[in-house]
Amino acid sequence: TSPRLDPAPRASPFGLSNSPTALMQDSRPIGGSVEGKMGKEKKGMFKQRLWTYLLRNMRRAVDEVYFMCEVENDVEQVRLGMSILDESINDFQQLVVRIQEQEKFQFQTGLHKAIAWEVRCTKASAAHWEMLSSFADPSFVPP
């Protein structure tokens, strides 16, 4: 087995389901219907649950790609995975800079207004499309 794979799913610190359906269809109020402190606590719990869900899925996806590369002994796919991770690291580093610039702007001006910036667009490489098309219907043509 791969050393990167988790032996068992980690339990949420809140004992919550990892199911996207359970997370997104939770009938508990999130804020607007409960006033004051309780509304903020419930909204905070929802945010925590959403972050837990997203980061757990990101970790799981990385582990699955790692496992596939290891099983298939495919150096090209390893390099593709590394390239995608490198691009993601760069995108997150740029996001940190933009957030810091916005905080600096707000502090210096005393205004709490958002500033605009270019939004990252996800682009699939030709190699990525080739890999995906090998699993897809032969009549499928990428856009």
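Rules used throughout
Residues numbered from 1 in each chain as written. Predicted model: local features only at pLDDT ≥ 70, side-chain atom pairs only at ≥ 80, totals over all residues. Heavy atoms only, no water. Helix = DSSP H or I, 4+ residues; strand = E, 2+ residues; numbered from the N terminus. Buried < 20%, exposed > 50% of the residue type's maximum accessible area, 1.4 Å probe, protein only. Contact = heavy atoms within 4.5 Å. Areas by Shrake-Rupley, 256 points an atom, 1.4 Å probe, with all protein chains shown as cover. Patch = residues over 30% accessible without salt bridge, like charges linked within 9 Å, V, L, I, M, F, W, Y side chains within 5 Å. Salt bridge = Lys/Arg side-chain N within 4 Å of Asp/Glu carboxyl O. pLDDT = per-residue confidence, 0-100. Expected span 1.5 Å × (residues − 1).

Another aspect to go through is the overall build of the protein chain. A tally of regular secondary structure across the protein chain gives 4 helices and 0 strands. Counting from the amino terminus, helix and strand elements in the protein chain follow one another as α-α-α-α. Counting only residues that meet the buried cut, the protein chain has 14% of its 143 residues in that class. Long-range pairs, those at least 24 residues apart, make up 58% of the contacts in the protein chain between residues at least 6 apart in sequence. Here the protein chain has roughly 11,700 Å² of accessible surface; of this, 61% comes from carbon and sulfur atoms.

Now for a nonpolar patch on the surface. A cluster of nonpolar side chains, Trp51, Leu55 and Met58, forms an exposed patch at the surface whose accessible area comes to about 340 Å². Inspection of the secondary structure puts Leu55 in helix α2 (residues 36-72). Of the residues examined, Leu55 reaches a relative accessible area of 43% and is grouped as partly exposed.

You will see that Asn73, though not glycine, has its phi angle at about 50°, which is positive. Residue placement: Asn73 occurs in the loop between α2 and α3 (75-109).

We now examine the pattern of salt bridges. Counted by the stated rule, this structure contains 1 salt bridge. Here Asp63 and Arg59 are joined by a salt bridge, their closest N and O atoms 3.4 Å apart. Pair noted here: Asp63 and Arg59 are both in helix α2, with a separation of 4 residues, about one helical turn. Residue Asp63 is classed as buried on the basis of its relative accessible area of 4%.

Locating Val65 in the fold gives a position in helix α2. Through-space distance from the C-alpha of Val65 to that of Val78 is 8.4 Å; in sequence the pair is 13 residues apart.

A low pLDDT means the predicted coordinates there should not be read in detail. Put simply, the protein chain has an average pLDDT of 74, and 51% of its residues get 70 or more. Residue range residues 1-16 is modelled with pLDDT below 50. Its contacts to residues more than four positions away, or to other chains, number 21 contacts. A low-confidence stretch, residues 23-34 stays under pLDDT 50, and its non-local contacts, those more than four residues away or across chains, total 16 contacts.

Turning next to α3. The first and last C-alpha atoms of α3 sit 51 Å apart over 35 residues, in line with the 51 Å expected at 1.5 Å per residue. Taken together, the buried positions of α3 are occupied by Gln77, Leu80, Gly81, Asp91, Arg98, Gln102 and Gln106. Once α3 finishes, Gly110 follows within two positions and takes phi at roughly 75°, a positive value.

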